[in-house]
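The chain contents come next:
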Amino acid sequence: MAAAPTTTHVAPFEDARGKLGFGCMRLPKLEDGTIDMATFTQMVDAFLDAGLNYFDTARPYHSGGSEPALAQALTSRHDRSEFLLADKLSPNGFEHREDIRPLIEDQLRACGVDYFDFYLMHSQGMGNYEKYQREHAYEEAFAARDAGLVRHVGFSFHSNAAFLDRILTDHPNVEFVQLQVNYLDWENGVIQSRECCEVAAAHGKPVIVMEPVKGGRLVNLPDEAREVLAAAGPGSPASYALRFAAGLPGVEMVLSGMGTPEMIAENVATFSPLVPLSPAERDAVARVTQILRGQNTIECTACRYCVDGCPKKINIPDVFSCLNAKRAYGESSAEFYYKSVHTGHGHGLASECIGCGACERACPQHLPIRELLREVAAEFETEQQDA
Ligand code: SF4
Ligand code: SF4
């Protein structure tokens, strides 16, 4: 085991080593779509060997596959003292208050542990807060803490700063918040990363960052933006994004949804040690933000929360990535890729959207998905019909 990073943490993160957390929602997959357990196990060991210890999961990740994958690769192979594990109470996991304790116990069994270090009310602010209030979900989570099933209670959040202030006022006993923070969303009027961080600070709550690279958007930069970062100094686009997030005051942990051993190695290097962005580098990411905002691309993070509930099974994030590739890079293969995301997978075309709106209610980025699908159809399906 490598020496633990020297990062010091405030409560309740005193036991965390380093500031990089392993988000288990984009694990490596085999061709049949199942989790590549051999590679994931290797990644878990590499992460622990680097002296890091924070893992984050949720029941919906990999359609229920993330929790048992962690049981196999992490909790059954390593002593409980070697890792911290965070799990979540997801909105589709319960209907009534009395469902919550059995669900937590089932999640513990699935993960192969006796307690979670961190337990989060999942995706608060997505039209589901009223349900959590009505069913006393926060009270149930704190009762689970009192019973020793959970060590610390917080929530992950997808709405604006005013709503965050409301939840923290309603529940002053939550111990931390998980926010979407990255340099592209810092001044985003919808996501409001900066204002949300300020609200968390005003309530004295430490922050876990999610989506620091905006679902890969800040990794796969267009050439013009890459050149801006290259001129500012060495380091990959991902390292700039992670250093931006991890260097913010109040941030105790930065989650990265790592899907390959190479991502583990690169991210570990970025945090060994973590060097916050210099003023010149902050200017560079501000310039990259301007460039990306000028591209008219769709700010989808590929979380896939919209996909399961779509009656036409439209592969929304993948068709959006086709349009982004076309707009950002003039990518000529985007048409072929658009065709391939439907072929043999039972997914509907963008034009088959019936406008039910289920996807928009599930989207943490508040994207106007129906309208955007019309743009996708206009871009790709006209050409397909012409071909
Ligand atoms: S609005 Fe369209 S894309 Fe969204 S869930 Fe309904 S059918 Fe699917
Ligand atoms: S459209 Fe929204 S919900 Fe769907 S994958 Fe993109 S960000 Fe996630």
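Residues numbered from 1 in each chain as written. Chains lettered and ligands numbered in written order. Predicted model: local features only at pLDDT ≥ 70, side-chain atom pairs only at ≥ 80, totals over all residues. Heavy atoms only, no water.

Under an unreviewed UniProt entry, the name given to the protein is Aldo/keto reductase, and the organism recorded is Thermophilibacter provencensis.

### Overview of the overall build of the protein
Quick reminder of the rule: Secondary structure elements are taken from DSSP: a helix is a run of H or I of four residues or more, a strand is a run of E of two residues or more, and numbering for both begins at the N terminus. To get the radius of gyration, use the C-alpha atoms; to get the globule rule, take the number of residues to the power 0.38 and multiply by 2.2 Å. Here a residue-residue contact requires only that any non-hydrogen atoms of the pair lie within 4.5 Å. Under the convention used here, a 1.4 Å probe and the Shrake-Rupley method define accessible areas, while residue burial counts only the protein chains that appear.
Scanning the protein for helices and strands turns up 15 helices and 8 strands. The globule rule puts the C-alpha radius of gyration for 387 residues at 21 Å, and the 21 Å found for the protein is close to it. In terms of its C-alpha atoms, the protein occupies a principal-axis envelope of roughly 65 × 50 × 45 Å. Pairs at least 24 apart in sequence give 75% of the contacts found in the protein among residues at least 6 apart. As displayed, the protein has an accessible area near 16,200 Å², and 52% of this comes from carbon and sulfur atoms.

### Quick word on helix H6 (residues 161-170)
Quick reminder of the rule: A simple rule labels every residue: compare its accessible area, found with a 1.4 Å probe on the protein chains alone, to the largest value its type can have, and call it buried under 20%, exposed over 50%, or partly exposed in between. Arc definition: directions from the helix axis to the C-beta atoms.
For H6, the set of buried residues is Ala-161, Leu-164, Ile-167 and Leu-168. Here the buried residues of H6 occupy an arc of 120° about the axis, which is enough to place them on one side.

### So, the packing of aromatic side chains
Keep this limit in mind: Working definition: rings of Phe, Tyr and Trp (its six-membered ring) pair if their centres are within 6.5 Å, and the pair is stacked with planes under 30 degrees apart, edge-to-face with planes over 60 apart, and tilted otherwise. Should the NZ of a Lys or the CZ of an Arg lie within 6 Å of a ring centre and within 35 degrees of the ring normal, that charge is described as sitting over the ring.
A complete count under the given rule lists 18 aromatic pairs for this structure. When the ring of Phe-155 is compared with that of Phe-157, the centres are 6.2 Å apart and the planes differ by 70°; the resulting orientation is edge-to-face. The exposure class of Phe-155 is buried, given its relative accessible area of 0%. With centroids separated by 4.9 Å and ring planes inclined at 15°, the aromatic side chains of Tyr-338 and Phe-380 adopt a geometry described as stacked. Of the two residues, Tyr-338 is situated in helix H13 (residues 334-340) and Phe-380 in helix H15 (residues 369-386); the sequence distance between them amounts to 42 residues. Taken together through their ring pairs, the aromatic side chains of Tyr-129, Tyr-138, Phe-155, Phe-157 and Phe-163 make up a single cluster. The residue whose ring lies beneath Arg-80 is Tyr-115, and the NZ or CZ to ring-centre distance is 4.0 Å. Here Arg-243 stacks its cationic end above the ring of Tyr-240, 5.7 Å away from the centre of that ring.

### Details of the packing of H6 against helix H7 (residues 193-202)
This is how the line gets drawn: For helices, the fitted line uses only the C-alpha atoms of the stretch in contact; every axis is such a line through C-alpha atoms, and the angle between N-to-C directions lies from 0 to 180 degrees. For classification purposes, an angle smaller than 35 degrees is called roughly parallel, one larger than 145 roughly antiparallel, one from 65 to 115 roughly perpendicular, and anything else oblique. Each crossing is labelled by how the near helix is turned from the far one, with a counterclockwise turn of less than a right angle marking it left-handed and a clockwise turn marking it right-handed.
Packing of H6 against H7 brings their axes to within 9 Å, and their N-to-C directions diverge by 20°. Of the possible angle classes, the one that applies to H6 and H7 is roughly parallel. Of the two possible hands of crossing, H6 and H7 adopt the one that is right-handed. Contacts from Ala-161, Leu-164, Asp-165 and Leu-168 of H6 reach H7 at Glu-195, Cys-196, Val-199 and Ala-200.

### Regarding the site of ligand 1
Operational definition: Residues are labelled near a given molecule or strand when at least one of their non-hydrogen atoms is within 4 Å of it. Under the scheme applied here, ten amino acids are nonpolar (Ala, Val, Leu, Ile, Met, Phe, Trp, Tyr, Cys and Pro), four are charged (Asp, Glu, Lys and Arg), and all others, including Gly, are polar.
The full set close to ligand 1 counts 13 residues, and Cys-310, Cys-353, Cys-356, Gly-357 and Cys-359 are the nearest of them. The set of elements that each furnish at least two residues to the shell around ligand 1 consists of helix H14 (358-362) and H15. A per-class count over the shell around ligand 1 returns 10 nonpolar, 2 polar and 1 charged.

### Description of the side chain of Asn-267
What counts is decided by this rule: A 3.5 Å cut-off defines polar contacts: any pair of N or O atoms within that distance qualifies, except that in protein one atom must be a possible hydrogen donor and the other a possible acceptor, and neighbouring residues in sequence count only when both atoms are side-chain atoms.
Along the polypeptide, Asn-267 turns up in helix H10 (residues 261-270). Of the residues examined, Asn-267 reaches a relative accessible area of 5% and is grouped as buried. Among the polar contacts made by the side chain of Asn-267, one reaches the side chain of Ser-256 at a distance of 3.0 Å.

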